[in-house]
Structures are given as structure tokens and as C-alpha cells.
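Structure assessment
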Amino acid sequence: MLYLIYGEDSYRARKNVREIVDSLSVRDPEAVAHRLDPENANEEKIKDLICGQNIFGNKFIVVFDGLLASDFFSILIDQLKLMADSKNVYLILEEKIEARLVKKISKLAQKTLRLDKLSAEE
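Residues numbered from 1 in each chain as written. Predicted model: local features only at pLDDT ≥ 70, side-chain atom pairs only at ≥ 80, totals over all residues. Heavy atoms only, no water.

**Some thoughts on the overall build of the protein chain**
If you tally the helices and strands in the protein chain, you get 5 helices and 5 strands. Taking 14 Å as the expected radius of gyration for a compact globule of 122 residues, we find that the protein chain reaches 14 Å, a close match to that expectation. Its C-alpha atoms put the protein chain at 50 × 30 × 30 Å along the principal axes. Per-residue burial over the protein chain gives 44% buried out of 122 residues. With the model as given, the accessible surface of the protein chain reaches about 7400 Å², and the carbon-plus-sulfur share is 48%. (Helix = DSSP H or I, 4+ residues; strand = E, 2+ residues; numbered from the N terminus. Rg over C-alpha atoms; globule rule 2.2 N^0.38 Å. Buried < 20%, exposed > 50% of the residue type's maximum accessible area, 1.4 Å probe, protein only. Areas by Shrake-Rupley, 256 points an atom, 1.4 Å probe, with all protein chains shown as cover.)

Structure follows, in C-alpha cells:
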């Protein structure tokens, strides 16, 4: 299962991601949550979380935070179909993302959410 949450309102985007992770954790308390960002990610970790399985059969909830704007871009893009078809849940969180990439990911994602900054009136 794949989600894409993006936009310049990083506060609301991160809040939304936390709510999704919390909701999924309540539904499946045995699920193991991971958050990868450019600081703590590496190719092996990413591939293991996408292609591997938990030794105890638990589901993964994985947040890829800002990885499309990093060196890990091609790894994630190559694995979109696998993530979308997985029993695990993958959330891609990005502040800035190209429209063509949004379209490509949205075709496979169960949910796509764009959160732009609110105006003073909103």
C-alpha cells in the first residue's frame, strides 16, 4: 500500500503522516514503524524494507521522508509498483516534487494528498 503526501505546508503534511501512522498502528499493534530520511537511510535499508519481510511476519509502516530529493530517488522510483502491491504500508513525504513524478506515483498510490501553505484568510 502506497501513500504520497506532499506540499509546502510541511507542518500539516507531517501531522497527516503521524495521524496515518497512528491509525495504522492502532489497527495493527504488531506493525513495525520505520522513518527514513536522507540522514539515516542507506540503499540496503531501503531495499530491505521494500523487498524484505519481518522475521516475525509483522507488517511494516515505512515513512520515506524527503528521499525523492536525495541520492535514493532511483531506488524508490524503481520499487513503486512493489510498494503499491505490498501488504506493508509506505508513505512518501516530500515538500517539493515535480508534477510528472506526482502523476506517476499517484497512479499507483492508494492516497495522494497535496498540502500547500494556507493563505492568511484560510
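**Thoughts on the pairing of strand β1 (residues 2–6)**
Taking burial as the measure, the 5 residues of β1 include 5 buried ones, the bulk of the element. Where β1 lies against strand β5 (residues 111–114), 4 bridges are found, and the strand directions are parallel. By the bridge assignment for β5, Ile 5 is matched with Leu 113. (Pairing = 2+ DSSP bridges.)

**Quick notes on the nonpolar core**
A general feature of soluble globular proteins is that nonpolar side chains tend to end up buried together. Residues Leu 2, Ile 46, Phe 64, Met 83, Ile 92 and Ile 105 are the most contacted members of the largest nonpolar core, which totals 27 residues. Elements that contribute at least two residues to this core include exactly β1, α2 (43–51), β3 (60–65), α3 (73–78), α4 (80–85), β4 (89–94) and α5 (99–108). Dropping the residues within four chain positions of it, Ile 105 is found in contact with Leu 2, Leu 4, Leu 68, Leu 80, Ile 92 and Ile 97. (Core = buried A, V, L, I, M, F, W, Y, C linked by side-chain atoms within 4.5 Å. Contact = heavy atoms within 4.5 Å.)

**So, the packing of aromatic side chains**
For the structure shown, the criterion picks out 1 aromatic pair. Taking the centre distance of 6.1 Å and the plane angle of 0 degrees together, the rings of Phe 64 and Tyr 90 count as stacked. Within this pair, whereas Phe 64 is found in strand β3, its partner Tyr 90 is found in strand β4, the two being separated by 26 residues in sequence. Residue Phe 64 is classed as buried on the basis of its relative accessible area of 0%. (Phe/Tyr/Trp six-rings, centres within 6.5 Å; stacked < 30°, edge-to-face > 60°.)

**Here we look at the side chain of Ser 86**
If you trace the backbone, Ser 86 turns up in the loop between α4 and β4. At 2.9 Å, the side chain of Ser 86 and the backbone nitrogen of Asn 88 are in polar contact. (Polar contact = N/O pair within 3.5 Å; in protein donor to acceptor, adjacent residues only side chain to side chain.)

**Some details on the side chain of Gln 79**
Its place among the elements puts Gln 79 in the loop between α3 and α4. With relative accessibility at 18%, the residue Gln 79 sits in the buried group. Leaving out residues up to four positions away in the same chain, Gln 79 has contacts with Ile 50 and Cys 51.

**Some points on the environment of Arg 12**
Inspection of the secondary structure assignment puts Arg 12 in helix α1 (residues 10–27). Here Arg 12 falls in the partly exposed class, since its relative accessible area comes to 27%. C-alpha of Arg 12 to C-alpha of Asp 116: the two residues are 104 residues apart in sequence and 8.8 Å apart in space.

**Observations concerning the sheet that holds strand β2 (residues 32–36)**
Strand order in the open sheet formed by 5 strands is β2-β3-β4-β1-β5, and the pairing between neighbours is parallel. Each of the sheet's edge strands pairs with one partner strand only, and the pair in question is β2 and β5. When the angles between neighbouring strand axes are averaged without regard to direction, this sheet yields 10 degrees. Pairing analysis gives 5 bridges linking β1 to β4, with the strands arranged parallel. (Axes fitted to C-alpha atoms, helices over the stretch in contact; angles between N-to-C directions.)

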